[in-house]
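Working through the structure, step by step
Single-letter residue listing:
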Amino acid sequence: MSMFFGPQQTQGSSSPSTSTPPYSSDLNLKKVIENFLTDLRLTASETKRKYPNIKELCDASILKIRSIQTNKPVDLAAGIREVSADLIEPFLLAVDLKVARLNQISLQAVQKLITASLISHLAASKVVDMMAVLVDMEALKVLQTLLQLVTTDTIVVKTALQRAIGICTNLTFSKEAVIGNTAEATVKQLVNTIFDRIDEGLVNADGTSKDERHLVFLQDAELFMKELCCNITNEQVQPRTNSDISPMLGVEILENVLQIYHKKLISCQSLMLVIKDHVCKVVLKMISPCTKLKSNSTISEQDFNFGLFVRLFRIVNILISRYTDALIMECEIFLSNLIRGVSVPLLSNPQGTSMRNMFVDAMDRSDIPSIPEGYAVSVAYICVLDIVRSINSIFNEELTPQDEDDNSSSSKLLTFNALQDQSKKLLLHELIASSWLGIMPALCLFLEAGSDQPVVDSVLKAFQSYVRFSGEIDLVSSRNAFIAYLCKACLPSTYTALFLESFDPSNTTQSIASFFSFTEENKNANLQIVAISHGLAIPGRSSPQNVSLTSKNLQCMNALLSVTSEHGASFDTSWSFVLKTLEHFVWILCLKPASGGVLKAAASLGEKTNTVITAVALSEIPDLTMRLSKVFTSTKSLKKEQLDYVISALIGISKSSLQSAAVIKEPSLFGPAKLLETGLVNLFRVDCLWDTLSSHFLELCQNANAYLRCYAADAFTQLVRSALCHHIRSDSPSGDQKLQLDLLNPLSKMCLIHYPDVRLKQLECVHQILQTNGQQLICGWPILLYVVESFDVEPTCDGLVKTAFVSLQLVVSDFLHSLPASSLLQCINSAAKFGNQRAELNISLTAVEILWNISDFIFHNYKNIEADLVKEKMNQAQKVNDYILALFVKLADLCCDERPPVRKSAAQTLFGTINVHSSSMDIKFWHTVVWTVMFTLLTEVSKCYTLACSDVVKKDLLVHHSRDTPEKQWSETVVLCLNGVCKIFVSFKESLFKVQAFEEIWKNLTQELRQFCSLCRNTEVSNAAIKCFQDLVEVLTTVTDDVKLWTPLWAAWVGMGKELLQPSHISTPSAMSKNGNSVFVPSQQFLGIYTNQFVPIFSSLKKVFTKSDLESFGVYITAAVVIPLHSDSTAIFMLASNTDSNGMSPLQNTVTFSNSRIIREKIMQKIVTACRKPLGMKYACSSKSTWKCALAALMKIIITGLPVATQAPNEEYFRDMWPELALCIEEFLFPKTSAPANMSLEEHQSDESYDVQLINLISSEVLPCAKSIPKQFVARIMEILNRGSIHSAANASFLDIDLGKKLREDFARTCFQTLLHFSFSEKKSSSNKVSEESAITRLALEALLTRCSEVLFRFLEDEKKSGKLPLPKPRMVEMAFVLKAITTFLQSLSAVKTRESVDEDIWQKVFDLYPLLLDLTATNASHIHPMVRSVLHEYRPFLSSCSPVSLA
């Protein structure tokens, strides 16, 4: 037996005993064994004196365990389990002694083995025997041990199991309540364990078991159920198990087994046989006394146990409800007995004669409870619901789920099986037809009177059932009545009239109108109000005032939504008032449509100022909206005819909103929102309903009400996007092209709507379509591009142009390869239209760039586009070149735009495109481009320039004076176009010269240039034109000597002269104007280029030159030379472009000047005087570059003019220049103006570098020439260097916080080095006297050192007087200056090679500073200590080389 009932469990068993034992690990197992050994030792210790035999058994058990641990360490648990019967033998003998201590130890030891699954089948039987001995002394522990023994493993079976259950059942009769209750609970758990062991998968079809061990489990269950039935009826059990159980507990256990394990019982034939032969027999026998009573018979309460019979009836209910298929005859007997007992009271109770549901749960009472008042109504309520349930059960039996196709929803659609007997269908039809007129008034009464939520729920389920019944068997009158009343119950009573209009009771035998008027007289005032709001206006009726929504209305609405979502397939015309109900309901709750038509709670109440939505309603709204969406989601499973009912009803509701929109600012959006949601869930068959939906939405988009119109546009565009996306993602990658066109055509119709908000939604829709499905579009591109280019610039909607343009950008950047070739022209036109729009300048500029991208695409995919045009069967006359030419024409048109930036960008793009892609253009196409694009462009630009206004245009932005009039701005465009055309002719001369009738083209080009040179009275235009003329001459020189081509050039040259160089225009200054109007005179640049072109022209035409030609040449050349220079009235910043490196104009470049004349005119002095003003102003100049340019000019004039000024013959011409130069240098190095406060340290250092450059120039260029320079000038320079040798900021204040960054240390060091450089002489003169220059320098140095000495002395004296108070900040700054100056001086002095090169007086003053510096080391101003140390360190080389005498 142990092989079947060991710890291993059958695979797949659901028994709790299959779980892994809690002591499965080796560590835990060893711990259990050690504890068990401890119990053996304790038992041996307790019995060694009086009961040596028990001690010997204990010792033997210990030895066995030790042997197993030694010999079988791997499978220790199996070894212990094999000898477990012997191991517990000492404890069996110990409990027979009736000693409490030994009983406790024995129970603990056994429980440890049970817990660790170390008990064998034989040992389990002995444990049961042990528990039988201990039951009187340790009842609770016995129950615990038996429960643990049976539930932990499956080793307790058959006789042992029966004995264990018998022990527990006998304890249920204990006088101690704790023991009795515990025993009952233990018995129930043991019974559950018996049936949990049964595995349905191991039961054969004939009821036998596939597993031998599982067969034992079945036998245990059968034996238990037989014994239980005998115990309930006090019959003898064969064989007798000495177990007893009370009838009440036996019936309760039997009920639990039948209820919980009905699936297992039904699957096992042997168990069902026990139920049939024993259980049913016992139950029928026990309930017979009750069902056979007559009305005049009586039974004493002592002979009748109410609780027992309640249990019996519950068992009958279970048998009928769950075992009918297996116990057909028995269930019929039970039903017949119950029916006979309905009219017979169980007791002669004056308070009632019926025992219904409320008494079935009174199982703990032995007497009959009293019947409360109103119980009869409750019974009637239950009976009505039971009728509905009965029909429902029949209905479910006769209906089978319909096969769901790929497009069906998860909702359960039921239909009659074609294989079912039609007579049964007729029976169901008759049942419903004959019952609904009686059931409905009762249900209406219960629904109106009920205030308890469960009661209302039950009634609503009955309504749902009848709606389902009626719809599935096509009983229209019943269906409409139940749906209408359910709709009415969802809304406040003020809406009753709405449904009386919708309902037609003519084909019913009883008027249903009374049902609807019932609530007006029986209004329940106890219902909770969850919302108060204005009712929705009904067309043709006055708008209701405030209406109240109750909690019951919410409950009814949930029921309506549920039945609609599940069984809407049978509603047909009932959809109309269902959807009307939903519209009014969501209006009261202020639900607003969100994305996809789903309704959400409104963030604000808008116009509904008197609306109140309670927390209860708000908490219900999320679930309510989800159910509401489910109604419309379920429409995807409806047939086409049913879906048409839904669409028609929603359109009717939407049209009602159109009527209300005339008087209400925010009408109901329920209709459009749900049309959107319905359309979204039916996209798989959108072709069936698209015409209806699109036409209605377009009608809504034209409404004058902005609120309704905007939502309709948004909803419709969303529907278009979703439909197109679903269509493209269908089985075919490209989908049905016709359907694609049908889906997009309504978008093009929206172009006829002139409301900006609608157009904006339309353009946004196009953009989103491009983003999501642009790659898959095939035939819809013309429609999308039409929508994009059909934008209107509305002042009230700035986003139209931007939104449309973003879509065009997306097309060009991502989808040009996807466009049909025939749509490229449309794309070009769209881009050109954006370029011409005036709303956004940046868009126009970007549109020009788009045209560039399109051209680039066309040229790179020329062959592919040409092949696509052939495939698309376009007109043979339409070729790729036509597209290119159209693009060039559009760019040329943009070159004449009134906005200068657009013109400039278009011109650059046009000529850039031609230049880049010229290699793809054939000779014939070049001919077309030249005449159609280039010459036309020049003509149009010339017209626009001629008509341009010359008045200054005032703008918010600053405009340079060269572009402050339209005429000047157009001149820039003319120059761009001239240069562009000329560059094309120059760059592609080889191709253009091959063009047919090129002579005519060349002649026309030269005449255009002549006109621009002579007729456009603008220097910029004329200069550009003459340069283009020069380029053409150069090109023709390198290509050909053909007289036919050179003759037009000569004609143009002569024509320019006639127009511009007439002697009457330029002979005298008075001739420069006529009648007060200035006469245009060409610039020197123009004249120079014009004159130079004669040579190559003459070289090519000299053989055909005539006398008159030469005379014309003489006249025009003479006029060009005598034109004065002042006619070039150009700005200063433009001089560089009109002069060469020497500052000469092209025409005057050959003229030289005399140096002597420059000297006599004192030009250098004038230049210095001119530079002095900006240098003296320095930081006061309007521009920083001014003084920098002046400084550069001054330094250049010093370098250039100093050699001339120091020459002896020129002294008298430069005498006045030297003081001016010294003053200019001094005012620049020490300006009167302060640097800006916001200057950074880097900027200060940058400005200081200019000062250093000037000092270096003086050191390298001026002072070396001191012998030839006036002494007064040299003295002024020395004073300047002396002043600069002190660290100071330019015009700085001691109180300046940022003074530190303004100290010009590099400048001071440079000044010192310059002074020292020219004061340290290596050689002395023969008279041992320093030179005059060195004497000046020495005096400057002596003054500097004296000043430093005075500052140090005064600082020390003032600090003594101030005590502990610090000196003012200016004194500290001054001291810092002095210390830095001394440091710099000493550093320069240390660079001297010999001491003799420095005057002794200087050395003496340097050494005189040393004691003062030593005194400074004790000053309280600690922050100057580092500087003092730095100065003292500089003395080190001098002290080491001096004698003490010299220091003294």
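Use the structure listed above.
Model, not experiment: these values are computed from the prediction. (Residues numbered from 1 in each chain as written. Predicted model: local features only at pLDDT ≥ 70, side-chain atom pairs only at ≥ 80, totals over all residues. Heavy atoms only, no water.)

Turning next to the nonpolar core. Ranked by internal contacts, the top residues of the largest apolar core, which has 231 residues, are Phe888 and Phe985. Not counting residues within four places of it along the chain, the set of residues in contact with Phe985 comprises Val930, Met934, Phe935, Leu992, Phe998, Ile1001, Leu1005 and Leu1032. Within the second largest apolar cluster, 101 residues are counted, among which are Ala116, Ala124, Val279 and Phe309. (Core = buried A, V, L, I, M, F, W, Y, C linked by side-chain atoms within 4.5 Å. Buried < 20%, exposed > 50% of the residue type's maximum accessible area, 1.4 Å probe, protein only. Contact = heavy atoms within 4.5 Å.)

This part is about the side chain of His696. Considering the arrangement of structural elements, one finds His696 in helix 29 (residues 686-701). Dropping the residues within four chain positions of it, His696 is found in contact with Ile651, Ser654, Lys655 and Leu675. (Helix = DSSP H or I, 4+ residues; strand = E, 2+ residues; numbered from the N terminus.)

Let us look at the sheet that holds strand 3 (residues 529-534). Taken in spatial order, the three strands of this open sheet run 4-3-7, and their pairing is antiparallel. The outermost strands of the open sheet, each flanked by one partner alone, are strand 4 (546-550) and strand 7 (612-613). Two elements, strand 3 and strand 7, share two bridges in a ladder whose sense is antiparallel. Within the sheet, the bridge partner assigned to Ile532 lies in strand 7 and is Val612. Helix 24 (residues 551-567) rests against strand 3 and strand 4 of the sheet, and its axis sits at about 65 degrees to strand 4. (Pairing = 2+ DSSP bridges. Axes fitted to C-alpha atoms, helices over the stretch in contact; angles between N-to-C directions.)

Moving on, we get to helix 56 (residues 1241-1262). In a regular helix each residue adds 1.5 Å, so 22 residues correspond to 32 Å; helix 56 covers 31 Å between its end C-alpha atoms and thus fits that length. If you check which residues of helix 56 are buried, you get His1244, Asp1247, Glu1248, Asp1251, Val1252, Leu1254, Ile1255, Leu1257, Ile1258, Ser1259 and Val1262. (Expected span 1.5 Å × (residues − 1).)

Attention now goes to unusual backbone geometry. Phi at Lys98 is positive, roughly 65 degrees, even though this residue is not glycine. Position of Lys98 relative to the elements: it lies in the loop between helix 5 (89-95) and helix 6 (100-115). Positive phi outside glycine occurs at Lys1178, with the angle close to 45 degrees. Within the secondary structure layout, Lys1178 lies in the loop between helix 52 (1163-1177) and helix 53 (1184-1205). By relative accessible area, which is 3% here, Lys1178 ends up buried.

On to the packing of aromatic side chains. Per the stated rule, a full pass over the model turns up 40 aromatic pairs. Both rings, one in Tyr1179 and one in Trp1187, keep their centres 6.4 Å apart while their planes meet at 65 degrees; by these two values the pair is edge-to-face. Here the aromatic cluster, defined as three or more aromatic residues joined through ring pairs, consists of Trp1050, Trp1053, Phe1086, Tyr1090, Phe1094, Phe1098, Phe1105, Phe1113 and Tyr1116. Above the face of the Tyr755 ring, Arg709 is positioned so that its terminal group lies 3.9 Å from the ring centre. Stacked on the ring of Trp1187, the Lys or Arg Lys1178 has its end atom at 5.3 Å from the ring centre. (Phe/Tyr/Trp six-rings, centres within 6.5 Å; stacked < 30°, edge-to-face > 60°. Lys NZ or Arg CZ within 6 Å of the ring centre and 35° of its normal.)

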